[in-house]
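# Observations on the model geometry
So you can see what is in the structure, the chains are spelled out below.
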Amino acid sequence: MKVETKGLLFDMDGVLISSIGSVVRCWRRWAVEYQLPDAEQFEVPHGMRAVEIIRLVRPDLDEAGVQEGLRRIEDLEVEDTGDLRVLPGVRALLESIPPERWAIVTSATQRLLLGRLKVAGLPVPARIISADMVERGKPDPEPYQRGAELLGYRPIDCVVVEDAPSGAEAGAAAGSPVLGVLGTHRAEELTACTWLVDSLEGLVVTPKANSLELEFAPVGGEL
């Protein structure tokens with residue numbers, strides 16, 4: 001399948017890098033410290049901002065307590081990078097896209113985003129939207145609306161690349177077509193996606209004068 005677009009908006013975790021080991025370890029450690037029930041089996045709501053997870057699981061905390069909890073989980077995740085890895089095809093893919101045509105839109109904080117990209121050895125794009133740069137996180141459309149604006153395009157003129165249901169819903173709500181990458185979630189969970197691929201290894205991006213041509217083999221055809 002070939003698709004024409006103007007810009008690409010990438011989620012980070014689960015799309016560009018795998019950090020699931022760190023995420024699970026750190027949130028379970030945090031859950032123990034914050035005395036959640038069944039802390040050692042805590043399941044992280046993937047694709048949500050940490051601040052929203054904290055408010056969800058500890059609704060008794062005041063805003064100062066929430067911010068303290070946010071700093072703690074950020075510290076834990078920044079320090080825990082032992083098994084972080086770049087996902088297949090990502091490095092070559094990013095190198096093939098003109099830098100002004102792509103951005104990262106993530107539920108991670110800016111500090112965590114920069115830390116993970118540094119460990120992974122991936123380029124830091126000039127245009128990023130992190131958790132602490134928006135008022136409302138995914139699945140709200142704000143992050144992807146802001147990402148498209150950074151590139152100078154309308155959301156409909158950008159393809160969102162996501163692995164999580166909340167992120168796919170955010171991209172679709174913003175008005176963008178969504179390319180879902182399987183790995184962290186099953187195909188049946190990614191109903192907001194326009195297309196699905198097994199990985200980014202098979203995605204080829206060819207820059208044109210005023211657009212990008214995306215070529216890939218979708219799983220099960222167009223949804």
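Quick summary incoming for the structure in this document. Since this is a predicted model, take the numbers as computed values, not measurements.

Tracing the backbone shows glutamate 189 in the loop between strand S8 (178-181) and strand S9 (195-197). Expressed as a C-alpha distance, the spacing of glutamate 189 and aspartate 163, which sit 26 residues apart in the sequence, is 9.9 Å.

The next subject is the packing of helix H3 (residues 63-79) against helix H5 (residues 110-120). Relative to each other, H3 and H5 sit at 5°, their axes nearing to 9 Å. The angle between H3 and H5 places the two elements in the roughly parallel class. Across the interface between the two elements, Glu74, Asp75, Glu77 and Val78 of H3 pack against Arg111, Leu112 and Arg116 of H5. Residues of the contact of H3 with H5, tallied by class, amount to 2 nonpolar, no polar and 5 charged.

What follows concerns the packing of helix H2 (residues 50-57) against H3. Viewed as axis vectors pointing N to C, H2 and H3 meet at an angle of 125°, and their least axial separation amounts to 9 Å. By the angle between their directions, the pair H2 and H3 is classed as oblique. The handedness of the crossing between H2 and H3 is right-handed. Listed contacts from H3 to Ala50, Val51, Ile54 and Arg55 of H2 are Glu63, Val66, Gln67, Gly69, Leu70 and Ile73.

Here the focus is the sheet that holds S8. One key point about sheets: their strands pair by backbone hydrogen bonds, in either a parallel or an antiparallel sense. Pairing is parallel in the open sheet, where 6 strands are placed in the order S6-S5-S2-S7-S8-S9. The sheet terminates laterally at strand S6 (128-129) and S9, the two strands that pair on one side only. Across 3 bridges, the pairing between S8 and S9 is parallel. Across the sheet, residue glycine 180 finds its bridge partner in S9, namely leucine 196.

Next up on the list: the pattern of salt bridges. Any two side chains of opposite charge can pair if their charged atoms end up close together. Within this structure, the stated rule accounts for 23 salt bridges. Aspartate 60 serves as the salt-bridge partner of arginine 58, at 2.7 Å between the closest nitrogen and oxygen. Under the relative-accessibility criterion, arginine 58 is labelled buried at 17%. Looking at aspartate 60, the relative accessible area reads 55%, which means it is exposed. Across the pair aspartate 75 and arginine 111 runs a salt bridge, and its minimum N-O distance is 2.7 Å. With aspartate 75 in helix H3 and arginine 111 in helix H5, the pair connects residues that are 36 residues apart, well separated along the chain. Looking at arginine 111, the relative accessible area reads 39%, which means it is partly exposed.

Let's shift gears to H5. Within an α-helix, residues lying three or four positions from one another point in the same direction, as the helix has 3.6 residues per turn. Every buried residue of H5 is listed here: Leu112, Leu113, Arg116, Leu117 and Ala120. The buried residues of H5 occupy an angular sector of 125° when the element is viewed end-on, so they sit on one face. Phi for glycine 121, located one or two positions after H5, is positive at around 75°.

If you walk across this open sheet you meet the 3 strands as S1-S11-S10, and the pairing is antiparallel. The two strands at the open ends of the sheet, each matched to only one other strand, are strand S1 (2-5) and strand S10 (204-207). Averaged over all neighbouring strand pairs, the angle between strand axes comes to 25°, with direction disregarded. Relative to strand S11 (residues 212-215), S1 runs antiparallel, the two being bridged by 4 bridges. Residue threonine 5 lies in a different strand from S11, and its bridge partner there is leucine 212.

What follows deals with helix H6 (residues 142-151). Restricting attention to buried positions, one finds in H6 the residues Glu142, Pro143, Tyr144, Gly147, Ala148 and Leu151. Elements in contact with the buried residues of H6: strand S2 (7-10), strand S5 (102-105), S6, strand S7 (158-162) and helix H7 (165-174). Glycine 152 lies just past H6 and shows a positive phi near 85°.

Time to look at the pairing of S10. Two strands pair when backbone bridges link them, and S10 and S11 are joined in this way by 4 bridges, in the antiparallel orientation. Looking across to S11, one finds that threonine 206 is bridged to glutamate 213. Linking two consecutive strands that pair antiparallel, namely S10 and S11, is a turn of 4 residues.

Parameters at a glance
- Residue numbering note: each chain is counted from 1, following its sequence as written.
- Local features in this predicted model are restricted to residues whose pLDDT is 70 or higher, and side-chain atom pairs enter the listing and the counts only when it is 80 or higher, whereas totals over whole chains, interfaces and linings include all residues.
- For the side-chain quantities, the full set of heavy atoms in the structure was used; hydrogens and water were omitted.
- Only DSSP runs of H or I reaching four residues or more are called helices, and only runs of E reaching two or more are called strands; each is numbered from the N terminus.
- An axis is simply a line fitted to the C-alpha atoms; with a helix, the fit covers only the stretch in contact. Between two such axes, the angle follows the N-to-C directions and lies from 0 to 180 degrees.
- Throughout, the term roughly parallel applies to angles under 35 degrees, roughly antiparallel to angles over 145, roughly perpendicular to angles from 65 to 115, and oblique to all others.
- Contacts between residues were defined by any pair of non-hydrogen atoms, one from each residue, lying within 4.5 Å.
- As a working rule, the residues Ala, Val, Leu, Ile, Met, Phe, Trp, Tyr, Cys and Pro are called nonpolar, Asp, Glu, Lys and Arg charged, and the rest polar, with Gly in that last group.
- Working rule for handedness: look at the near helix, and if it is turned counterclockwise from the far one by less than a right angle, call the crossing left-handed; if clockwise, right-handed.
- The pairing criterion is simple: DSSP has to find at least two bridges between the two strands.
- For this analysis, a salt bridge means a side-chain nitrogen from Lys or Arg found within 4 Å of a carboxyl oxygen belonging to Asp or Glu.
- Each residue gets one of three labels from its accessible area relative to the maximum for its type: buried under 20%, exposed over 50%, partly exposed in between, using a 1.4 Å probe on protein chains only.
- An arc is given here, and it is the one of the directions from the helix axis to the C-beta atoms.

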